[in-house]
Amino acid sequence: MSVSATIQSDTHARSALNARLVRIAAVAGIPVEAFFSEPTSVAQAGLIELIRLWDAAPTETVRAEILAGTRAVVAGAADRTR
């Protein structure tokens, strides 16, 4: 079921959802449309998978572990490029 089918248009919830999606797309550097079509790159596919995994995390503790692990990987990669 799509978000459009579950949230009526012209509601505060719909506006808040659209605003959040626009912010996520801006941070990721991709157009909002990328969330609704087949990924055009490996990077976009990975981003979408990461968001889905985050959403599938059953608890905030698991999300904190995902975030800590991701930070560690990025920090390690940054150290190796210096």
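Conventions and cut-offs
- Residues numbered from 1 in each chain as written.
- Predicted model: local features only at pLDDT ≥ 70, side-chain atom pairs only at ≥ 80, totals over all residues.
- Heavy atoms only, no water.
- Helix = DSSP H or I, 4+ residues; strand = E, 2+ residues; numbered from the N terminus.
- Buried < 20%, exposed > 50% of the residue type's maximum accessible area, 1.4 Å probe, protein only.
- Contact = heavy atoms within 4.5 Å.
- Axes fitted to C-alpha atoms, helices over the stretch in contact; angles between N-to-C directions.
- Nonpolar A, V, L, I, M, F, W, Y, C, P; charged D, E, K, R; others polar.
- pLDDT = per-residue confidence, 0-100.
- Expected span 1.5 Å × (residues − 1).
- Salt bridge = Lys/Arg side-chain N within 4 Å of Asp/Glu carboxyl O.

## As for the overall build of the chain
Alright, step 1. Across its full length, the chain carries four helices and zero strands.
Alright, step 2. Starting at the N terminus, the α and β elements of the chain follow one another as α-α-α-α.
Alright, step 3. Across the 82 residues of the chain, 10% fall into the buried class.
Alright, step 4. Long-range pairs, those at least 24 residues apart, make up 3% of the contacts in the chain with a sequence separation of at least 6.

## Notes on the packing of helix H3 (residues 42–56) against helix H4 (residues 60–80)
Alright, step 1. The interhelical angle for the contact between H3 and H4, taken along N-to-C directions, is 150°, at an axis separation of 9 Å. Only Arg-63, Ile-66 and Leu-67 of H4 make contact with H3, whose side of the interface consists of Leu-53, Trp-54 and Asp-55.
Alright, step 2. Its residues placed into classes, the contact of H3 with H4 shows four nonpolar, no polar and two charged.

## Some words on the side chain of Gln-44
Alright, step 1. Among the structural elements, Gln-44 can be located in helix H3.
Alright, step 2. The exposure class of Gln-44 is buried, given its relative accessible area of 13%.
Alright, step 3. Beyond its immediate sequence surroundings of up to four residues, Gln-44 is in contact with Ile-30, Ala-34 and Pro-39.

## What about the confidence of the model for the chain?
Alright, step 1. Looking at the chain, the pLDDT average stands at 85 and 88% of residues meet or exceed 70.
Alright, step 2. Ranking the helices and strands of the chain by mean pLDDT puts H4 first, with 93, and helix H1 (residues 3–6) last, with 49.

## Overview of helix H2 (residues 12–28)
Alright, step 1. Taking 1.5 Å per residue as the helical rise, H2 with its 17 residues ought to reach 24 Å, and the 24 Å between its terminal C-alpha atoms agrees with that figure.
Alright, step 2. After H2 finishes, the residue Gly-29 shows a positive phi value of roughly 75°.

## Here's the deal with the pattern of salt bridges
Alright, step 1. Counted under the stated rule, the structure contains one salt bridge.
Alright, step 2. Arg-63 is paired through a salt bridge with Glu-60; the nearest N and O atoms lie 3.2 Å apart. Taken as a pair, Arg-63 and Glu-60 lie in helix H4 at a separation of three residues, close to a single helical turn.
Alright, step 3. With relative accessibility at 17%, the residue Arg-63 sits in the buried group.

## A word on the environment of Val-22
Alright, step 1. One can find Val-22 in helix H2.
Alright, step 2. Using a relative accessible area of 48% as the deciding quantity, one classes Val-22 as partly exposed.

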